[in-house]
Amino acid sequence: MNSMGLRALVALASLACCGALRAAPVEPCISAYQKDIAGQSVPADSVYAVITREQGSGCILGQADGTGIEQLLETLRDAKTDAEKAASRQMLFERVLAQFDGLPSTPCDGNTIACSAGRHVAKIRELQQALNAGPVDPRSPLIAQNSWPLVPAIHTIRISNIDLLALLTNECAAGAQSPQCIAAVDFSAKVIRTGESMHQLTDAYSQPIIEADNRFLTERDKQWNSYMNDVSVQYPWELWLNGYLFQKATPAAQRSQFPLAPTSKWVFLHPSPAFERVEGPTGGHSTQAAVVAEIAGYEIWRWDSGGRVTGRLGASLIVSFVDARGSSAVGYGLLLKTPFKNASVGVVFRNGDRGRQVNLAINVDLAKLIQKYKDVDIKKFVGGSLGGQP
Amino acid sequence: MRKHVLLLVHGMGPYVTANGKPDESWFNDSVAALKEQYGKYPLVNLKSFEETFEIVHINYDIEIFKLVSRWQTESQAVLAAGIPAAAPAQKLVGWLKDSAKLDNNFAWSHAACVILYYFFPLMRQRIKISVAAQIQQALATNHDGAVSVWSVVAHSLGTIVTHDVLQALDSTTPNQAGISILDAMAPSANLVAMVANVSKILETDSKVYGSLVVPQSMVQNQSACYSYLSCRNEFDPFVRIDPFVPGDLPAWKLAQSNGSFIDVPSHNINELNTHSFRNYIVNPDVHIPLLEKLVGPGSITAQQAADARGQFQNVPDAARQQALQAVMARVDAQLAGKPDLHAWFDLAGLFNAQLAQAAGAAHE
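**Quick look at the overall build of chain B**
Scanning chain B from terminus to terminus reveals 15 helices and 6 strands. For chain B, the residues scored as buried account for 54% of the 364 residues in total. Taking as baseline every contact in chain B between residues at least 6 positions apart, the subset at least 24 positions apart corresponds to 75%.

**Some remarks on the interface of chain A and chain B**
How big an interface is tends to be expressed through the accessible area that disappears when the partners come together. Contacts between the two partners involve 81 residues from chain A, matched on the other side by 76 residues from chain B. Residues of the side of chain A that touches chain B, tallied by class, amount to 44 nonpolar, 22 polar and 15 charged.

**What about the sheet that holds strand E4 (residues 191–195) of chain B?**
Residue and element names in this part refer to chain B. In spatial order, the strands read E2-E1-E3-E4-E5-E6; together these 6 strands make up an open sheet with parallel pairing. This sheet does not close on itself; its edge strands, each paired only once, are strand E2 (53–58) and strand E6 (261–266). Averaged over all neighbouring strand pairs, the angle between strand axes comes to 15°, with direction disregarded. As paired elements, strand E3 (residues 150–155) and E4 share 5 bridges and run parallel to each other. Residue pairing across strands places Ser151 opposite Leu191, the latter belonging to E4.

**A word on unusual backbone geometry**
The residue A:Asn161 is not glycine, and still its phi comes out positive at about 50°. The residue A:Asn161 is located in the loop between strand E1 (156–157) and strand E2 (162–163) in this model. Phi angles above zero are rare outside glycine, and B:Ser156 is one such case at about 55°.

**Concerning the packing of helix H4 (residues 69–78) of chain A against helix H8 (residues 179–205) of chain A**
Residues and elements named next belong to chain A. One way to put it is that H4 packs onto H8 with a least axis distance of 11 Å and a crossing angle of 0°. In terms of axis orientation, H4 runs roughly parallel to H8. In this structure, H4 uses Ile69, Leu73, Leu76 and Arg77 to contact H8, whose residues at the interface are Arg193, Ser197, Gln200, Leu201 and Ala204. Among the residues forming the contact of H4 with H8, the class breakdown is 5 nonpolar, 2 polar and 2 charged.

**A short note on helix H5 (residues 82–98) of chain A**
Residues and elements named next belong to chain A. Taking 1.5 Å per residue, 17 residues should reach 24 Å; H5 reaches 24 Å between its end C-alpha atoms and fits that length. For H5, every residue scored as buried is listed here: Ser88, Arg89, Leu92, Phe93 and Val96. The buried side chains of H5 occupy one side of the element, clustering within an arc of 145° when seen end-on. Exposed positions of H5 whose direction lies more than 90 degrees from the buried face are Ala83 and Glu94. Buried residues along H5 sit in contact with H4, helix H6 (113–133) and H8.

**A look at the packing of helix H10 (residues 236–249) of chain A against helix H6 (residues 121–139) of chain B**
Running from N to C, H10(A) and H6(B) point in directions that differ by 80°, and their axes come no closer than 7 Å. One finds that H10(A) runs roughly perpendicular with respect to H6(B). Residues A:Leu239, A:Asn242, A:Gly243, A:Phe246 and A:Gln247 of H10(A) form the contact with H6(B), whose own contacting residues are B:Pro121, B:Leu122 and B:Met123.

**Some remarks on the pairing of strand E6 (residues 330–337) of chain A**
Residues and elements named next belong to chain A. Where burial is concerned, the two faces of E6 differ: the one with Gly331, Gly333, Leu335 and Lys337 is buried and the one with Val330, Tyr332, Leu334 and Leu336 is not. Sheet topology note: the strand E5 (residues 309–322)/E6 ladder contains 8 bridges and is antiparallel. Among the inter-strand pairings, Leu317 is bridged to a residue of E6, identified as Leu334. When E6 meets strand E7 (residues 344–352), the two strands line up antiparallel, connected through 6 bridges. Bridge assignment links Leu336 to a residue of E7, and that residue is Val345.

**Digging into the confidence of the model for chain A**
Confidence in the prediction of chain A, expressed as mean pLDDT, is 87, and 87% of residues score 70 or more. A low-confidence stretch, residues 384–390 of chain A (pLDDT under 50), is modelled with 10 contacts involving residues beyond four sequence positions or located in other chains.

**Overview of the confidence of the model for chain B**
Across chain B, pLDDT averages 89, with 89% of residues at or above 70. Overall fold confidence (pTM) sits at 0.88, and the ipTM for the predicted complex is 0.87.

Criteria and cut-off values
Residues numbered from 1 in each chain as written. Chains lettered and ligands numbered in written order. Predicted model: local features only at pLDDT ≥ 70, side-chain atom pairs only at ≥ 80, totals over all residues. Helix = DSSP H or I, 4+ residues; strand = E, 2+ residues; numbered from the N terminus. Buried ≥ 20, exposed ≤ 12 C-beta atoms within 10 Å, placed from the backbone. Contact = placed C-beta atoms within 7 Å. Nonpolar A, V, L, I, M, F, W, Y, C, P; charged D, E, K, R; others polar. Pairing = 2+ DSSP bridges. Axes fitted to C-alpha atoms, helices over the stretch in contact; angles between N-to-C directions. Parallel < 35°, antiparallel > 145°, perpendicular 65-115°, else oblique. Expected span 1.5 Å × (residues − 1). Arc of directions from axis to C-beta. pLDDT = per-residue confidence, 0-100.

Structure representation (structure tokens):
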């Protein structure tokens, strides 16, 4: 039997069954289904897998879908004003409901085509009425993300409680090419298409909530990115210590979600390259390379609305190592963190040939700086930065 | 209309290039391994892999690499300062000087990923939110419409990352309506496939058996997925420590009885790296339920499934040959100047026997 003959058979069967006034629109999936199963022995419980493969790329809202519903969905997506949205929504509902013209449709329990179609159409009308009546409760199952689309793994459209695998397996028991099976395929294609259309419509309706959630995620992402990558680097033992304190201070329920990034951290045994203004043996001053080790310190900051660090302040007790004539190699002092580009300034007390020195030290976030110049040789970079003193 | 969005989440190892950009090689290999099996079954292959799926690579190694790169840079800078008196500071950070090196650096490129995720809660949070942002971007409505079907295929360390992120997405309710981020964003995942599932061993802030990453059912209304596939190969040392076996917990038991939770204990050695994604996917016990959940039940007929299982060798001859060559290569190197050949051949024989035993187990 060719596809034209089958389509006519489906239409006739529908009319004979229920005496519908309007004929069902031609279902583009019948010919696609015929093509898919040509030359193959398809068991009844595989018919579901065949027809659902048409979703998206084929005759169900794909290129071979001639129902015009995909175009109406595009119109709805492009609608700018409330009036435009309402008008395109109305057209979509009309076209979707027209899919079931001529099909038996009685809302009732059971997995027959008539009962399933009845439940499905009733839910579409319910959604239409709810949207026309005004704002829909965001928690309503009518606009829930899980309600309308067909999910391959569970083969069910939840809102109308249609198990398509069971329906098709039952209706196709006489063979994948039997008229009863073709009618079930016809119905399944319509249910999947219209369910998917309602999903697209309700998703558009839920966008304000989705956008609020996206803002939350984006802000949290920026905060944690700043914490790990913009605030000065934490060595493994510092990251472990601050992590331990974070775990202690944050309830388990929050930790398993997306908690706020910390607004403080401890600094512990943290060496980093620095510069120190050192007094020479003749009394002159020069800027020398130094390694400043923060023995212990603490930093605080705030998060602004864009997830950026603001108001960063902190202080650390330091040991500063230099290799300069006329000065002791080891000095002690205090480092103050500034909000400016992770830079810190400090005062270092050091013994020298001319007595006790009080020197200025500057520490920049070299790791962060070098991240911008990844291909630069570290020795040359440091040597250059320190005025030729490697 | 959107295609089926398929998120791929990598495991431990380096998944960045030397300049910190995402390295796609694992993703490409994994897609190739999936496509190889996809093409074998006529009803699955009714539509091409590309027509069916929109593949999204989820990469969290970028965040790990950023951190270890900063350690490396800072360490090298301290060492490069060349100040003799700073020797204690240099000792303190010297071991970090190669932390971002990608080649021949197993400790940093593989083990460090797991250690940083499990033992460092701040890094874990950074990875979670980074992955969540990538998922949010992948599932956002675009010019082709809203996502109606999506699935995750995660491997190794990626299984616990995926679990933790989905748990967070499905339990965080930042909007006034009190709807979770995941529930507002998209339908629940069609399938969460955990390949080399180490989520039980590495669970931390939320427990994997009691979380929302469990198939929806009559006893579990709020959940992140419709179906869950857990794969554990008995020759994979990483999954043997504490395998994912939820047992009689009601939500899991019901899901297992209705087919929405599938536990696949396999025992094949098709590659010497039994932990590899491909070593799992080639096994029909793994890829048949995976493909059926992805494209729909019935897409592989009972006869096709039986044929595939019948033809599959748990330890193919090629793998045994490769294994023996690897053993002999080591033996050759070890034997320089040592006459005791017999002990080494005994060792190779034992190894061969073990492989043969594994092959035999497949037919039992």
